[in-house]
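Now for the letters of each chain:
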Amino acid sequence: MDERTTLEVIAPTVEEALAQGLAQLGLTADAVSFEVLDAGAKGLFGLGGRQVRVRLTVNGPNGLPASRPDPVPAPSQKSDSAPAPASAPARREESAPVRAEGHDELLDQTEAIVSKLLFHLKLEAQVSAHYSDMDSPERRVINVDVRGRDLSGLIGRHAETLNAFQHVASLMVGKASDQWVQLVVDVEGYRHRREKQLRQMAQRMADQAAKTGRRQVLEPMTPAERRIVHMELRSHPAVTTESIGEEPNRKITIIPKED
């Protein structure tokens, strides 16, 4: 299991949401705590209506949610509303730097917002968020993984729909958290596969340019995709790269280096 401690799931019923979440985490029911964030609108005998949204939290060694740094008598209550033990001030002071950076709160907020957007799009999916390796106090970068069934429509042609969804989600998270946040939303590993394809293509075309001594012009790409190619070939011994043209048809040219 990865380092994720929380997971939000949208499904027709609470039972289905729990089943999907446990399958995603690879855990049994006694290893997690759950909270119903949106009970949905139930129809007759629980059929129809609005889907439910549930958050699962992986329990720690003491049977409490792993994301809770200080055990309290009532795990289902928030720590700021539960009676604090005598030694609580010292523990809160130790955990303050983590909370000040907004790690747990910002990731939870991101997952909640993305889940809500998917809910309004009538898409059933699991959402998990984690900080990117590029994240820093000055530049908040969060990777959001979305997994589920029938999500091809969320990607769209050349990821146009996904990029628009990502932009809207970034604006909403930034407004809710009162800070600038960059989200990188991936659906079923699409961006990872696309990045791998771009890197392989860049190396093939670079070898072709070096072999023939002729420039190789690639297909139009988004700024993010062009950046991947530039970074992949920046240390290539035989070629350089540059972008040409205007958006949305801006493309990369691979240029052989002169001897």
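Please refer to the structure higher up on the page.
Bear in mind that the values here come from a model prediction, so they are computed numbers and not experimental data.

A. Unusual backbone geometry, seen in detail. A cis amide bond links Glu-247 with the next residue in sequence, Pro-248, at an omega value of 5°. Locating Pro-248 in the fold gives a position in the loop between β8 (239–244) and β9 (251–256). The phi dihedral of His-158 is positive, around 55°, even though this residue is not glycine. In this fold, His-158 is placed in the loop between α4 (152–155) and α5 (160–177). On the basis of relative accessible area, His-158 is assigned to the exposed category, the value being 53%.

B. Focus on the sheet that holds strand β4 (residues 125–131). Spatially, the 6 strands line up as an open sheet ordered β2-β3-β1-β4-β5-β6, and their pairing is mixed. The sheet is open, and its two edges are formed by β2 (32–38) and β6 (181–187), each paired on a single side. This sheet shows a mean twist of 25° between the axes of neighbouring strands, independent of strand direction. The sheet contact formed by strand β5 (residues 140–148) and β6 spans 7 bridges and is parallel. Note on β6: the bridge partner recorded for Asp-145 is Asp-186.

C. Representation of the pairing of β8 in the model. As defined by bridge partners, β8 adjoins β9 across 6 bridges and the pair is classed as antiparallel. Within β9, the residue paired with Ser-243 across the bridge is Ile-252. Here β8 hands over to β9 after 6 residues, with Gly-245 in that stretch at a positive phi of 90°.

D. Representation of the sheet that holds strand β7 (residues 216–217) in the model. The 3 strands are arranged β7-β9-β8 in an open sheet whose pairing can be described as antiparallel. Two strands lie at the open edges of the sheet, namely β7 and β8, each paired on one side alone. In terms of strand pairing, β7 meets β9 through 2 bridges, oriented antiparallel. Bridge pairing links Gln-216 to Ile-254 in β9. Across the face of the sheet, helix α7 (residues 223–233) comes into contact with β8 and β9 while running at roughly 160° to β8.

Cut-offs and rules
Residues numbered from 1 in each chain as written. Predicted model: local features only at pLDDT ≥ 70, side-chain atom pairs only at ≥ 80, totals over all residues. Heavy atoms only, no water. Helix = DSSP H or I, 4+ residues; strand = E, 2+ residues; numbered from the N terminus. Buried < 20%, exposed > 50% of the residue type's maximum accessible area, 1.4 Å probe, protein only. Pairing = 2+ DSSP bridges. Axes fitted to C-alpha atoms, helices over the stretch in contact; angles between N-to-C directions. Contact = heavy atoms within 4.5 Å.

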